[in-house]
Structures are given as structure tokens and as C-alpha cells.
Amino acid sequence: MNSPYPHMLQPLDLGFTTLRNRVLMGSMHTGLEDRFYHIDKLAHYFAERARGGVGIIVTGGYSPNRRGELLPLGSRMDNKITALLHRHVTGKVHNEGGKIALQLLHAGRYGYTPYSLSPSGIKSPITPFKPGKMSHKQIVNTIGDFAHAAEMAKLAGYDGVEIMGSEGYLINQFICERTNKRTDQWGGSAENRMRFPVEVVRKVREAVGREFIIIYRMSLMDLVDEGQSWDEVVQLAQKIEAKPVRPSSIPVSAGTKRVSPPSWTSVPRGAFTYATGALKNTLPFRCAQAIASIRQSWRTISSAVVMPTWCRWRARCWPIRSLLRRRLPARVMKSIPASPVIRPVWIIPSRPSVQAVG
């Protein structure tokens, strides 16, 4: 392959489907998800990114039920009518040779609604409403709603789903002692706090079968008091990766909506590769960090710290790069930053049959 980064552009065989390259466009809420009459604009938006060459796209977040909405009457994937409407989106992406996954995001206490729910009813510092505390029945029903939403995504023609388990949303609220003060089977010990995400992934896998991409996105570090310890992070990753729960991949991010590094643009490129390196040394799968340029991504890929199979890129790079890559020579493209935001996000394929890139 005539490219300075040949491995990044090699196809990736997942066993039941093949991605045309190893580049994933990360999730970003565009504002087009919440209203049905924007579906045509959303379809063209993703089609252009697929035309630009990305291997797989992850959409903005869609709630599995009403209580999990980010905004009143916000984006949801919970019925056949919505699923059939989304075939316009998936069809456009597939016509351009790309693949697309729907992100399932339950806002929990981060929902800007008076009917939001969370594990312990603790108010978020960034929203005006105090959430209700979830009952055992509501927890069980919500797990079922995640599975149903994944079924609807499959009906809509999506190639997979990304379960949002990081950055302070509902699943992350269950995991962290800071936001989970329960004393029943869903709280207290680390084992109990991890039960919710493990059950969500297990039920989703049961609902969609083996030949469907499931991405579970988890926080590598919460950066708040009473957040997950490193041992808890590793334990959760092991539980998620274990059979028969095993997803197709596990992307990892850092921070919450309450506390993050002061400015992502001030974080040195590759600043958190030491953490992904530590996770790689603990678990039997590969990982890579998405950073701000193709050249820096390749240096990370080629290093001994991480040996990735996929590269996850921030979504903001694609509006510029997908339009310019067909018009500018490679030497010019290498000098264009992939994203104005340097945000550490990793993706960890967990299929043992997938070969790491060297």
C-alpha cells in the first residue's frame, strides 16, 4: 500500500464483518439527533464522513427510554417507527462503503429534565433538576430497555451499538461510589456497583446475537473523589471482556462532566498512554489512543507502550479532513491537525482472533 501509514488503512476482519480500515470516528452530539425532521440532514452528515474514508462511525447519544433523555423529548431509540426512520441514515452510510454504530446513552442525573433518574438521587452540579432514586424494578426495566434499544438499532440497519459507560452518565454513576450510595445488590461493594454495566452488556448481547458489533465505552480514570480505583477499572474491564458478555471492543476515556483536566488543548499529546499501557499489560487485548494528528497517532501505534488494532479519532476532524483529503496531496494532509481538541480516547478490541498492528 502506497501510504506512510499502511497499517492504519488496512481492512480489519471482525469475524462476522470487515471494516475497510482501522479508523473510527468517535461520537459527537450534533443537535440533529433530537428531532425526526432533521433525519435527512443527519443522513447526509454521516454519509459525507463515510465518503471521506472513515471505517466506522459512532453516532451521538440515543437514550434507551424517556427517563434517560438528555433533553425533554430528546433523542431515543425505543420503537420501530424511529428504527425504520433511521434506515435512511444507515443506508446513506452503507452506500458510501462505511459502517455505523448507534451510541446508547442514558443521561442519568445529567439529564436536563424533571423526570431524570440516577442510582441514588444525588443532584448533578451541571443540571437544574434533582433526579429521582431508581427503584430495583426501574433498574431491571432500564437494563431491558438497553437491550430493546439495541434490537431497534439492528432493525434500523446499524452495524453495531456503543454503550456509553463513561464520563459520568448513568452507567458510570452506578460504578462510582461518589454517585452510588445504595446498600442493596446494586451498590455498596465494587462487585455490586459493577453489576449494572455487566448486566446491560450481557442483555444487549443476548438481544442482538453474536454477529453484531458491541462497543462498551468505559472511563479509565474518573478524576473525582470517590471515583473508581485502578483495581476497580481493571476488574470491570475483565468482567466486560469475559465470555459470554464479550463486546467487539472497549473504548476508554477519562474524566466526567463535573471534573476534567482544565483544558484538553493544554494536555500534551499522548499524555495518558502510560495508563493505556498499564491496562494493556494487565488484560489480554490491544489498545490505542486517539490524539491530534495522523503522525502522532502513528508514533503511538508504532511504540512499545500500546499496540492497537483500531484508532479512535475525535469526530471534529472529519468535517475538514473528509472534504480535503481528495483535493490535497498527502504531504499537505500530514500537516493538518486531525482535531482542535486533544482528548484522550482509546479503543481496545477484545476479539482474540484479531491481529495487532506492528
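Note that the structure is predicted; figures quoted are calculated from it, not measured.

So, how was this worked out
Residues numbered from 1 in each chain as written. Predicted model: local features only at pLDDT ≥ 70, side-chain atom pairs only at ≥ 80, totals over all residues. Heavy atoms only, no water. Axes fitted to C-alpha atoms, helices over the stretch in contact; angles between N-to-C directions. Helix = DSSP H or I, 4+ residues; strand = E, 2+ residues; numbered from the N terminus. Parallel < 35°, antiparallel > 145°, perpendicular 65-115°, else oblique. Left-handed = near helix turned anticlockwise from the far one by under 90°. Contact = heavy atoms within 4.5 Å. Buried < 20%, exposed > 50% of the residue type's maximum accessible area, 1.4 Å probe, protein only. pLDDT = per-residue confidence, 0-100. Core = buried A, V, L, I, M, F, W, Y, C linked by side-chain atoms within 4.5 Å. Nonpolar A, V, L, I, M, F, W, Y, C, P; charged D, E, K, R; others polar. Expected span 1.5 Å × (residues − 1). Phe/Tyr/Trp six-rings, centres within 6.5 Å; stacked < 30°, edge-to-face > 60°. Polar contact = N/O pair within 3.5 Å; in protein donor to acceptor, adjacent residues only side chain to side chain. Salt bridge = Lys/Arg side-chain N within 4 Å of Asp/Glu carboxyl O.

### Brief notes about the packing of helix α1 (residues 39-51) against helix α3 (residues 87-95)
Alright, step 1. Between α1 and α3, the least distance of the axes is 8 Å, while the angle of their chain directions is 20 degrees. Comparing their axes, α3 and α1 come out roughly parallel. Handedness of the α1/α3 crossing: right-handed. Contacts from Ile39, Asp40, Leu42, Ala43, His44, Phe46, Ala47 and Ala50 in α1 reach His88, Val89, Lys92 and Val93 in α3.

### Regarding unusual backbone geometry
Alright, step 1. For leucine 73, which is not a glycine, the phi torsion comes out positive at approximately 60 degrees.
Alright, step 2. Note on placement: leucine 73 falls in the loop between β4 (56-62) and α2 (80-85).
Alright, step 3. Residue classification places leucine 73 among the exposed residues on the basis of a relative accessible area of 64%.
Alright, step 4. Here glutamate 167, not a glycine, exhibits a phi torsion of approximately 60 degrees, which is positive.
Alright, step 5. Along the chain, glutamate 167 falls in the loop between β8 (160-165) and α5 (170-175).
Alright, step 6. Accessibility expressed as a relative area gives 3% for glutamate 167, which makes it buried.

### Regarding the confidence of the model for the protein
Alright, step 1. On average, residues of the protein score 77 in pLDDT, and 65% of them are at 70 or above.
Alright, step 2. Here strand β13 (residues 345-349) stands out as the least confident element of the protein, with mean pLDDT 33; helix α4 (residues 136-155) is the most confident, with 98.
Alright, step 3. Within the model, pLDDT remains below 50 along residues 259-264, and this stretch shows 13 contacts once partners closer than five positions in the same chain are excluded.
Alright, step 4. Low pLDDT, under 50, characterises residues 332-358; the predicted model gives this stretch 114 contacts beyond four residues in sequence or across chains.

### Focus: the nonpolar core
Alright, step 1. Ranked by internal contacts, the top residues of the largest apolar core, which has 55 residues, are Phe46, Val161, Ile163, Phe196 and Tyr216.
Alright, step 2. Looking at this core, the element that brings in the most residues is α4, giving 7 residues.
Alright, step 3. When sequence neighbours within four positions are dropped, the list of residues in contact with phenylalanine 196 reads Ile139, Thr142, Ile143, Phe146, Leu170, Ile171, Phe174 and Trp186.
Alright, step 4. Formed by 9 residues, the second largest nonpolar core is a distinct cluster that contains Leu14, Leu24, Ile56 and Ile215.

### Focus on the packing of α4 against helix α7 (residues 195-208)
Alright, step 1. It is the contact of α4 with α7, at a shortest axis distance of 8 Å, that shows an interaxial angle of 35 degrees. Here α4 runs over α7; the crossing is right-handed. Note on element contacts: α7 touches α4 through Phe196, Glu199, Val200, Lys203, Val204, Ala207 and Val208, opposite Ile139, Thr142, Ile143, Phe146, Ala147, Ala150, Glu151 and Lys154.
Alright, step 2. A per-class count over the contact of α4 with α7 returns 10 nonpolar, 1 polar and 4 charged.

### Quick look at α7
Alright, step 1. The end-to-end C-alpha distance of α7 is 20 Å, a good match for the 20 Å that 14 residues give at a rise of 1.5 Å each.
Alright, step 2. Listing the buried residues of α7 in full gives Phe196, Pro197, Val198, Val200, Val201, Val204, Arg205 and Val208.
Alright, step 3. Contacts from the buried residues of α7 go to α4, β8, α5, α6 (190-193), β9 (213-221) and α8 (230-241).
Alright, step 4. Of the residues trailing α7, glycine 209 is marked for its positive phi of about 85 degrees.

### Some remarks on the packing of aromatic side chains
Two measures describe an aromatic ring pair: the distance that separates the ring centres and the angle between the ring planes.
Alright, step 1. Inspection of every chain in the model, using the stated rule, returns 5 aromatic pairs.
Alright, step 2. Relative to tyrosine 37, the ring of phenylalanine 36 has its centre 5.4 Å away and its plane inclined at 75 degrees; by these criteria the two rings are edge-to-face. Accessibility assignment for this pair places phenylalanine 36 and tyrosine 37 in one class, exposed.
Alright, step 3. Taken together, a centroid distance of 5.6 Å and an interplanar angle of 85 degrees make the contact between tyrosine 110 and tyrosine 169 edge-to-face. Linking tyrosine 110 in the loop between β5 (99-104) and β6 (117-118) with tyrosine 169 in the loop between β8 and α5, this pair joins segments that are 59 residues apart in sequence. Each member of the pair, tyrosine 110 as well as tyrosine 169, is classed as buried.
Alright, step 4. By the ring-pair criterion, three or more aromatic residues cluster together here, those being Phe174, Trp186 and Phe196.

### Here's the deal with the pairing of β5
Alright, step 1. Within β5, 6 of the 6 residues are buried, leaving the element largely enclosed by the surrounding structure.
Alright, step 2. Burial along β5 is two-sided: Lys99, Ala101 and Gln103 facing one way and Ile100, Leu102 and Leu104 facing the other are all buried.

### Thoughts on the side chain of asparagine 65
Alright, step 1. Following the sequence through the fold, asparagine 65 ends up in the loop between β4 and α2.
Alright, step 2. Within the structure, asparagine 65 has its side chain in polar contact with the backbone nitrogen of arginine 67 (distance 3.4 Å).

### Details of the pattern of salt bridges
Alright, step 1. The full count for this structure, using the stated rule, is 13 salt bridges.
Alright, step 2. Residue arginine 217 is joined to glutamate 167 by a salt bridge in which the shortest nitrogen-to-oxygen separation is 2.6 Å. Of this pair, arginine 217 sits in strand β9 while glutamate 167 is found in the loop between β8 and α5, placing the two residues 50 residues apart along the sequence. Take arginine 217 and glutamate 167: they sit in the same class, and that class is buried.

### Here we look at the environment of alanine 47
Alright, step 1. Within the fold, alanine 47 resides in helix α1.
Alright, step 2. Along the sequence, alanine 47 and glycine 91 sit 44 residues apart, while their C-alpha atoms lie 8.9 Å from each other.

### So, the environment of aspartate 78
Alright, step 1. In this fold, aspartate 78 is placed in the loop between β4 and α2.
Alright, step 2. Counting along the chain gives 14 residues from aspartate 78 to proline 64, while the straight-line C-alpha distance between them is 5.8 Å.
Alright, step 3. In this structure aspartate 78 touches Pro64, His148 and Met152, once residues within four positions along its chain are discounted.
Alright, step 4. A polar contact of 2.8 Å, which involves the side chain of aspartate 78, links it to the side chain of arginine 76.
Alright, step 5. A polar contact of 2.8 Å, which involves the side chain of aspartate 78, links it to the side chain of asparagine 79.

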